[in-house]
Amino acid sequence: MDAAGVSRLAGLDELSVMGGMEVLRRLPGFLRLERRIRRLFVREDVRLFLPIDYPGLNLRLARSARRQGRRVLYYIAPQVWAWREGRARKLRRDCDRVLTVLPFEAALLERYGVRAEFVGHPLIDETCAPEGGPGGRAAAGRRPSGGRRVVGLFPGSRAQEVRYMLPVFAEAARRLARRHRDLDFIVARPPHLPKALYAKAGFPTAGAREATARSCAALTKSGTITLELALAGVPMVVGYRMGRVEWAIGRRLVRVPSIVLVNLVAEAPVVPELLQDGLTAGRAAEALEALLTEGAPARLEMLRGFDVVRERLGQPGCSARVAEHAVELLAGGASAGPGAPC
């Protein structure tokens, strides 16, 4: 959006938080931003509000926009299928339409009376399968010059995630390096996080796209990155760890059989996941080692699962379809309020 000339009020470095205590610490800033956006709705005579994900703030803003008679097109729906089911009622009340990027979401939301449509996943537009066929299976033999293989470490895009997971990921990498002398390791670092956060790991860093393109296998946190790796044909092991209080609360709220999007889309345990106390350097190294050999059964089976994921994420053109919905709602004029037809 920056590249397209969108005026930005706040960036990821200000909005990216994880865990209840961190949210509470930053709450005054979030409330100031919310008030600023509400004033902007009126000052700029906004006709369409297009919230993208980030439901903690965006659902409140959607309510405000709806009360003012403005159109609301929610893109990348809150994950009510995983937790906080009550948000579906807010989507029904405050949104003209909700556009989903995962294939099972629209039908679920429609059961709550939400007008929802699956538009495909934007990663399909961004990620081209490497040569070698469906699922990017050429990644199985990726070797830079010199015959060395690269394993990517993807500890997250939030500072808290990196602090929890990078030490374990790095120790797993060191164990693998001792057993496989032809391995190099690279850590994915988002541009808004400081290099100092990664210094103790002892491995070079790169952007997520570069790390994905260079990797023959990956150790990663959960989230959208798992879909990116799957579409690029990079076999992976998923690990996740958080504070003990947040984990105790989260495990009681989450209602899905897996936290890995690849597994949820495929409706099968395609990717191994190591969670909380189950995420140790030894287990991560062992699980990843099974995926390093080009013809290994675990690797081939995972790549077949990636084919299923690619097929289910829809056809290219997601962003164009979102734009078409936006234009249609704008052409229909301002909303008459809650419950008004489109």
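Everything numeric in this text was worked out from a predicted model, so none of it was measured.

Enquirer: Can you lay out the overall build of the chain for me, pointing to particular residues and giving the numbers?
Expert: In terms of helices and strands, the chain carries 14 helices and 10 strands. Counting every position in the chain, which comprises 342 residues, the buried fraction comes to 49%. Excluding contacts between residues fewer than 6 apart, the proportion of contacts in the chain whose partners are at least 24 apart in sequence is 66%. Working note: accessible area of the chain is about 16,900 Å², and carbon and sulfur atoms make up 54% of it.

Enquirer: Tell me about the sheet that holds strand β9 (residues 236-240), and name the residues and values.
Expert: Across the sheet, which stays open at both edges, the 6 strands sit in the order β7-β6-β5-β8-β9-β10 with parallel pairing between neighbours. Both outer strands of the open sheet, β7 (205-206) and β10 (273-275), are each paired with one neighbouring strand and no more. Of the strands in this sheet, β5 (149-154), β8 (217-220), β9 and β10 touch helix α12 (residues 281-289), which is tilted by about 150° from β8.

Enquirer: Describe the environment of Val162, and please don't skip the residues or the numbers.
Expert: Locating Val162 in the fold gives a position in helix α7 (residues 159-179). Relative accessible area serves as the criterion here: at 1%, Val162 is assigned to the buried category. If we skip the residues at most four places from it in the chain, Val162 touches Pro155, Gly156, Pro167, Leu193, Leu197 and Tyr198.

Enquirer: Could you give an account of the sheet that holds strand β3 (residues 97-100), naming the residues involved and the relevant values?
Expert: Spatial ordering of the open sheet is given by β1-β2-β3-β4, a layout of 4 strands whose pairing is parallel. Edge positions in the open sheet fall to β1 (48-49) and β4 (116-118), since each of these has one partner strand only. Relative to strand β2 (residues 71-75), β1 runs parallel, the two being bridged by 2 bridges. Bridging from a neighbouring strand, Leu48 pairs with Arg71 of β2.

Enquirer: Kindly report on the packing of aromatic side chains, identifying the contributing residues and their values.
Expert: In this structure the tally under the stated criterion is 2 aromatic pairs. Centre to centre, the rings of Phe41 and Phe49 are 5.2 Å apart; their planes meet at 65°, and the pair counts as edge-to-face. Each member of the pair, Phe41 as well as Phe49, is classed as buried.

Enquirer: Outline the side chain of Arg70, listing residues and values.
Expert: Within the secondary structure, Arg70 is located in the loop between α3 (55-67) and β2. Judged by relative accessible area, which is 11%, Arg70 ranks as buried. At 3.5 Å, the side chain of Arg70 and the backbone oxygen of Phe41 are in polar contact.

Enquirer: Describe the pattern of salt bridges, listing the residues and the values that go with them.
Expert: Within the structure shown, the criterion is met by 21 salt bridges. A cluster of three or more residues bridged by salt bridges with shared partners is formed by Glu171, Arg174, Arg175 and Arg178.

Enquirer: Describe the confidence of the model for the chain, with residues and values.
Expert: Looking at the chain as a whole, its pLDDT mean stands at 87, while 84% of the residues score no less than 70. Throughout residues 128-138 the model reports pLDDT below 50, and contacts reaching past four residues in sequence, or to other chains, amount to 22 contacts. A low-confidence stretch, residues 333-342 stays under pLDDT 50, and its non-local contacts, those more than four residues away or across chains, total 23 contacts.

Enquirer: Got a sec to walk through the nonpolar core? Specific residues and values, please.
Expert: Formed by 100 residues in total, the largest nonpolar core has its most connected members in Val98, Leu109, Leu227, Met236, Val262, Val271 and Phe306. Among the elements that make up this core, the one with the highest residue count is α7 (10 residues). In this structure, Val262 is in contact with Thr226, Leu227, Ala230, Met236, Val270, Val271, Phe306 and Val309, ignoring residues within four places of it in sequence.

Enquirer: Would you mind going over the environment of Ala208 in detail, with residue names and values included?
Expert: Here Ala208 shows up in helix α8 (residues 208-214). Sequence-wise, Ala208 and Ile186 are 22 residues apart; in three dimensions their C-alpha atoms are separated by 9.8 Å. If near-sequence neighbours (up to four positions away) are discounted, Ala208 is found in contact with Phe154 and Ala188.

Enquirer: Give me the lowdown on the environment of Pro235, citing residues and values where you can.
Expert: Here Pro235 lies in the loop between α9 (224-231) and β9. Since its relative accessible area comes to 0%, Pro235 is described here as buried. The spatial distance from the C-alpha of Pro235 to the C-alpha of Ala218 is 6.3 Å, given a sequence separation of 17 residues.

What counts, and where the lines are drawn
Residues numbered from 1 in each chain as written. Predicted model: local features only at pLDDT ≥ 70, side-chain atom pairs only at ≥ 80, totals over all residues. Heavy atoms only, no water. Helix = DSSP H or I, 4+ residues; strand = E, 2+ residues; numbered from the N terminus. Buried < 20%, exposed > 50% of the residue type's maximum accessible area, 1.4 Å probe, protein only. Contact = heavy atoms within 4.5 Å. Areas by Shrake-Rupley, 256 points an atom, 1.4 Å probe, with all protein chains shown as cover. Pairing = 2+ DSSP bridges. Axes fitted to C-alpha atoms, helices over the stretch in contact; angles between N-to-C directions. Phe/Tyr/Trp six-rings, centres within 6.5 Å; stacked < 30°, edge-to-face > 60°. Polar contact = N/O pair within 3.5 Å; in protein donor to acceptor, adjacent residues only side chain to side chain. Salt bridge = Lys/Arg side-chain N within 4 Å of Asp/Glu carboxyl O. pLDDT = per-residue confidence, 0-100. Core = buried A, V, L, I, M, F, W, Y, C linked by side-chain atoms within 4.5 Å.

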